[in-house]
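This is what each chain is made of:
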Amino acid sequence: MRNLFPQSLNRLLSTGLFLAGLTVSSAAFAEVEVDHPYARAVPPGQMNSAAFMDLNNKGKEQVALIKVDSSVADKVEMHTHKHGENGEMQMRQIPQITMFGKERVVLKPGGHHIMLIGLKKALAEGDSIDLTLEFDDGTKQELSVPVKSVMAAMGKKHHH
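Residues numbered from 1 in each chain as written. Predicted model: local features only at pLDDT ≥ 70, side-chain atom pairs only at ≥ 80, totals over all residues. Heavy atoms only, no water.

Peer 1: Whenever I open this one, the pairing of strand β4 (residues 73–83) confuses me. Can you help?
Peer 2: For a regular strand, side-chain orientation follows a simple rule: the groups alternate between the two sheet faces. Pairing geometry for β4 and strand β8 (residues 113–119), over six bridges, is antiparallel. Its bridge partner being in β8, A73 is matched across the sheet by L119. For β4 and strand β5 (residues 89–94), the ladder comprises six bridges, and the chain directions are antiparallel. Counted as the bridge partner of K82 is Q90 from β5. From the end of β4 to the start of β5, which pair antiparallel, there are five residues, and G87 there has a positive phi angle of about 90 degrees. (Pairing = 2+ DSSP bridges. Helix = DSSP H or I, 4+ residues; strand = E, 2+ residues; numbered from the N terminus.)

Peer 1: Even after reading the chapter, I still don't get the side chain of S49, so can you show me in this structure?
Peer 2: Here S49 shows up in strand β2 (residues 48–57). Among the residues examined, S49 registers a relative accessible area of 5% and is labelled buried. A polar atom in the side chain of S49 sits 2.6 Å from the backbone oxygen of R40. Apart from the residues lying within four places of it in its own chain, the contact partners of S49 are R40, V42, I114, M115, L116, L119 and L123. (Buried < 20%, exposed > 50% of the residue type's maximum accessible area, 1.4 Å probe, protein only. Polar contact = N/O pair within 3.5 Å; in protein donor to acceptor, adjacent residues only side chain to side chain. Contact = heavy atoms within 4.5 Å.)

Peer 1: Got a minute to help me understand the pattern of salt bridges in this structure?
Peer 2: It is possible for side chains bearing opposite charge to pair when their charged atoms get close. A complete count under the given rule lists four salt bridges for this structure. With a shortest N-O distance of 3.5 Å, R104 and D54 are connected by a salt bridge. You can see R104 sitting in strand β7 (residues 104–107) and its partner D54 sitting in strand β2, a full 50 residues away along the chain. In this structure R104 comes out as partly exposed when scored by relative accessible area, which is 39%. Given the relative accessible area of 10%, D54 is considered buried. Residues E77 and K75 are paired through a salt bridge, measuring 3.4 Å at the closest nitrogen-oxygen approach. On the basis of relative accessibility, which here comes to 45%, the residue K75 falls in the partly exposed class. Put simply, D35, D54 and R104 are held in one network by salt bridges that share partners. (Salt bridge = Lys/Arg side-chain N within 4 Å of Asp/Glu carboxyl O.)

Laid out in structure tokens, this is it:
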């Protein structure tokens, strides 16, 4: 009886500490919801394309998208457009896309977007591609993203 108490107490303490560790670490995971993702269709021979989506940080803490991968491209980069010295729009690579708590960031033509560089195949309307989003807390989201024609995708954003 003398030995049972310390063992059960040790088990209880170690289980409690383990559960406390789970609670603390799970609160730190990114809570990013991805809405309306699509990649731009391109004809055979076109070496680059882009992907767009809405990133909605449902959590209270700031989180950053730090890396994107895809099997359809040699390289995947995050880009944005900025006004150049002469007033023209210039595309620039950025190291991350930061979202404050409860913030929605829209990746769209003319703004933040994901560049697919060195395409390994043509992206045709109706296809889908894989994208893996990696956040600064180490969490990843794997997506299957539909490929849409440029005009079909733009038609939803602009009314003439």
